[in-house]
Amino acid sequence: VQLVESGGGLVQPGESLRLSCAASGFTFSSSVMKWYRQAPGKGRELVATISSTGGSTTYADSVKGRFTISRDNAKNTVFLQMNSLKFEDTAVYYCNALGIHRPYNYWGQGTQVTVSS
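The notes below deal with the structure included here. (Residues numbered from 1 in each chain as written. Predicted model: local features only at pLDDT ≥ 70, side-chain atom pairs only at ≥ 80, totals over all residues. Heavy atoms only, no water.)

1. Looking at the pattern of salt bridges
Following the criterion strictly, the structure yields four salt bridges and no others. Residues D61 and K64 are paired through a salt bridge, measuring 3.1 Å at the closest nitrogen-oxygen approach. The exposure class of D61 is exposed, given its relative accessible area of 67%. One network of salt bridges, with partners in common, ties together R37, E45, R66 and D89. (Salt bridge = Lys/Arg side-chain N within 4 Å of Asp/Glu carboxyl O. Buried < 20%, exposed > 50% of the residue type's maximum accessible area, 1.4 Å probe, protein only.)

As C-alpha cells, then:
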C-alpha cells in the first residue's frame, strides 16, 4: 500500500499550488479520501474530504472557497488545488485513505507547503 504526495513547495502569499496523492495497493475507488495538514507545533487538522465517487466534498472553514479537493478514480489519484494561499497555510500536507467496505486507514508521508514572502 502506498500513498505518495507531491506538488508541495515554497510560494508567496496569494499564489497557488496543486497537490497530488497517487495511491496504489488498495481499491482507491472504494475509499474516502482526505487531506490533512500539520503546522509546526500544532496538531493535525482535517482540511478536505471527498467521497469515493467524488460526488461529495467538505472543507475546513479555514480553507473554504480557496481550496478544492478532487479525484480521478481512473488514475488512483486525489488532488488538492490551493488558491489564494496565506501564511497560515504553511504546513506538511498529508493524504489519507479510509476504506468503505473494509476498515483500513492509510497515510502518505506528507509534502511540505511553505507560504512566505
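Now that the structure has been shown, the text picks up again.
2. As for the side chain of K34
When you line up the elements, K34 lands in strand β4 (residues 31-38). With no salt bridge to any partner, buried K34 finds its closest opposite charge in E45, at an N-O distance of 13 Å. A polar atom in the side chain of K34 sits 3.2 Å from the side chain of T49. With residues up to four places along the chain from it excluded, the contact list for K34 reads L46, A48, T49, Y94, C95, N96 and L98. (Helix = DSSP H or I, 4+ residues; strand = E, 2+ residues; numbered from the N terminus. Lys, Arg positive; Asp, Glu negative; His and termini not counted. Polar contact = N/O pair within 3.5 Å; in protein donor to acceptor, adjacent residues only side chain to side chain. Contact = heavy atoms within 4.5 Å.)

3. Description of the nonpolar core
In terms of nonpolar packing, the biggest core is built from 29 residues, with W35, V78, L80, M82 and Y93 touching the most fellow members. Among residues more than four places away in sequence, those in contact with Y93 are E5, L19, W35, Y36, R37, V47, F67, L80, M82, G110, T111 and V113. (Core = buried A, V, L, I, M, F, W, Y, C linked by side-chain atoms within 4.5 Å.)

4. Considering the environment of S56
By secondary structure assignment, the location of S56 is in the loop between β5 (44-50) and β6 (57-59). Between the alpha carbons of S56 and F26 there is a distance of 21 Å; along the sequence they are 30 residues apart. The contacts of S56, once residues within four sequence positions are left out, are T49, I50 and S51.

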